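# Structural description and commentary
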Amino acid sequence: MNSNGILSRKDNTLLFINKEGKRKIPINAIEQINCLGKVSLKSGAISLLLKEKKIVNIFNKYGYYQGSLYPRTQLNSGKVVVQQALYYHDNKKRNQIAKEMVAGIKHNILTTLKYYQKKGKDLKQPIKKIEKLPIQGNNINQILSCEGRIWEEYYPSFNNITKKYKLEKRQFRPPPDEMNSLISFGNSLLYTTTLSQIYHTYLHPSISYLHEPRERRYSLACDLADIFKPILISRTIFKLVNNNMIKPNHFQRDIGVYLKEKGRNIFIKEYQKKLQTTVKHPNLNKKVSYEYLIRLEGYKLIKHILNDKQYESFKMWW
């Protein structure tokens, strides 16, 4: 929901009321709701959303994720949560998972850069630099440092791919320019998508491996979202900018730079289209959506912590 309004309940259907009128939202047609405008939730709507196990994510006007109305966990497995915690507390096991996650990030960044290099973009140097960056360390801080260096080499390459909105440096809270604004908004969307997919597994969203678990955030969603950022967020941004779909008048300057309602609508539409795009999965031998690939990442983690199958992070194969 990108505009201001009221979300209420009518029988077993949600009703969104704003200045444009009333719009019915069938509860079975949604998986989650993102409130990007000022949305008042009536108690009847909250009750229905919780009953039907639908997550509501709240954003502020800058596109920052603020929190979620998170239903009671529908899939419970004490064994999985205990094992998940034990793997976090065992430094060797945690580091193994964290390194594999960074390997997935690095692979997907390189695959994205090589894709645009084939389209004629000058990306030889960033590809060469990132390929040489090691993934190593005996503790989580050293591994995070390796991840940070990969992102530091990746973001400047945006200037070789996009036609405008130059990126001097990755900055946020608040984003100082248009490209940082697009990245931050996209990352927030991906975080909530990932959180929703974790909800459909037995994993606890607060027990993570690459990012440090903290209060007031679901850090496992940060872990898994990072693996998919180059594919889902970067490519969405490149398309929007290079095809002139996002224009200067879609941004507004306040404390920082952020997308106006129309700009958010354009971004969300393209992002949802990307999420629903399907690819042939080599192991499942069927087509799955990018959105479902995130859930599969959770399933692979479960198999790993239950000692069923070694975890291999998602690495783009096409």
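Preceding this paragraph is the structure being described.
Residues numbered from 1 in each chain as written. Predicted model: local features only at pLDDT ≥ 70, side-chain atom pairs only at ≥ 80, totals over all residues. Heavy atoms only, no water.

## Focus on the overall build of the protein
Looking only at helices and strands, the protein features ten helices and eleven strands. Against the globule reference of 20 Å for 318 residues, the protein gives a C-alpha radius of gyration of 20 Å, in line with a compact fold. Considered along the principal axes of its C-alpha atoms, the protein spans approximately 55 × 50 × 40 Å. Expressed as a percentage of the 318 residues in the protein, the buried residues total 53%. With the model as given, the accessible surface of the protein reaches about 15800 Å², and the carbon-plus-sulfur share is 48%. (Helix = DSSP H or I, 4+ residues; strand = E, 2+ residues; numbered from the N terminus. Rg over C-alpha atoms; globule rule 2.2 N^0.38 Å. Buried < 20%, exposed > 50% of the residue type's maximum accessible area, 1.4 Å probe, protein only. Areas by Shrake-Rupley, 256 points an atom, 1.4 Å probe, with all protein chains shown as cover.)

## Overview of the sheet that holds strand 4 (residues 32-35)
Strands sit in the order 4-6-7 across an open sheet of three strands; the sheet is mixed. In this open sheet, the two edge strands, each paired with only one partner strand, are strand 4 and strand 7 (65-69). Neighbouring strand axes in the sheet, compared pairwise and without regard to direction, differ in orientation by 20° on average. Of the strand pairs in this sheet, strand 4 and strand 6 (residues 55-59) are connected by four bridges, and their pairing is parallel. Across the sheet, residue Ile 33 finds its bridge partner in strand 6, namely Val 56. Along the sheet, helix 7 (residues 178-199) makes contact with strand 4, strand 6 and strand 7, crossing strand 6 at roughly 160°. (Pairing = 2+ DSSP bridges. Axes fitted to C-alpha atoms, helices over the stretch in contact; angles between N-to-C directions. Contact = heavy atoms within 4.5 Å.)

## Examining the pairing of strand 11 (residues 286-289)
Taken together, the four bridges between strand 10 (residues 278-281) and strand 11 define a ladder with antiparallel strand orientation. Following the sheet pairing, Thr 278 is matched in strand 11 by Ser 289.

## Some remarks on the nonpolar core
Counting 79 residues, the largest nonpolar core has Met 101, Tyr 154, Met 179, Leu 182, Phe 267 and Leu 301 as its most contacted members. Sorting elements by how many residues they give to this core places helix 8 (residues 219-242) first, with 14 residues. Met 179 has contacts with Phe 158, Thr 162, Lys 164, Tyr 165, Lys 166, Leu 167, Ile 237 and Val 241, leaving out every residue within four places of it along the chain. (Core = buried A, V, L, I, M, F, W, Y, C linked by side-chain atoms within 4.5 Å.)

## Observations concerning helix 5 (residues 140-154)
In this model helix 5 runs 21 Å from its N-terminal to its C-terminal C-alpha over 15 residues, within 8% of the 21 Å that 1.5 Å per residue would give. All buried positions along helix 5 are accounted for by Ile 140, Ile 143, Cys 146, Glu 147, Ile 150, Trp 151 and Tyr 154. Relative to the axis of helix 5, the buried residues are bounded by an arc of 135° and lie together on one face. Residues of helix 5 that are exposed and point more than 90 degrees away from the buried face comprise Asn 141 and Glu 152. Buried residues belonging to helix 5 abut helix 3 (91-118), helix 4 (124-132), helix 6 (158-161) and helix 8. N-cap assignment for helix 5: the residue whose side-chain oxygen lies 3.1 Å from the backbone N of Asn 141 is Asn 139. (Expected span 1.5 Å × (residues − 1). Arc of directions from axis to C-beta. Polar contact = N/O pair within 3.5 Å; in protein donor to acceptor, adjacent residues only side chain to side chain.)

## A short note on the packing of aromatic side chains
Summed over all chains, the structure comprises 14 aromatic pairs. When the centroid spacing of 5.1 Å and the interplanar angle of 10° are considered together, the rings of Phe 228 and Phe 314 count as stacked. Separated by 86 residues along the polypeptide, Phe 228 in helix 8 and Phe 314 in the segment after helix 10 (290-305) bring together distant segments of the chain. According to the relative accessible area criterion, Phe 314 is buried, its value standing at 4%. Ring geometry for Phe 314 against Trp 317: centres 5.5 Å apart, planes inclined by 75°, an arrangement best described as edge-to-face. (Phe/Tyr/Trp six-rings, centres within 6.5 Å; stacked < 30°, edge-to-face > 60°.)

## Concerning the side chain of Glu 147
One can find Glu 147 in helix 5. The buried charged residue Glu 147 lacks any salt bridge partner; its closest oppositely charged side chain belongs to Lys 229, at an N-O distance of 6.6 Å. What Glu 147 contacts, discounting residues up to four positions off in sequence, is Val 102, Ile 105, Leu 210 and Asp 226. (Lys, Arg positive; Asp, Glu negative; His and termini not counted. Salt bridge = Lys/Arg side-chain N within 4 Å of Asp/Glu carboxyl O.)

## Considerations on the sheet that holds strand 5 (residues 39-41)
Judged by pairing direction, the sheet is mixed, and its four strands sit side by side in the order 3-2-1-5 without closing on themselves. With partners counted over all chains shown, the strands left at the sheet margins are strand 3 (21-26) and strand 5, one partner each. Going from strand to strand, the sheet's axes swing by 25° on average, the running direction of each strand aside. Bridging between strand 1 (residues 5-10) and strand 2 (residues 13-18) involves five bridges; their strand directions are antiparallel. In the strand pairing of strand 2, Ser 8 is matched with Leu 15. Seen against the sheet, helix 1 (residues 43-51) touches strand 1, strand 2 and strand 5 and runs at an angle of roughly 65° to strand 1.

## A short note on the environment of Thr 277
Note on placement: Thr 277 falls in the loop between helix 9 (261-276) and strand 10. Look at Thr 277 and you get partly exposed, because its relative accessible area is 33%. Once the C-alpha coordinates of Thr 277 and Leu 69 are considered, the two residues, 208 residues apart in sequence, prove to be 27 Å apart. Contacts of Thr 277, omitting those with residues within four sequence positions, involve Val 288, Ser 289 and Tyr 290.

The values reported here are purely geometric and, on their own, carry no functional implication.
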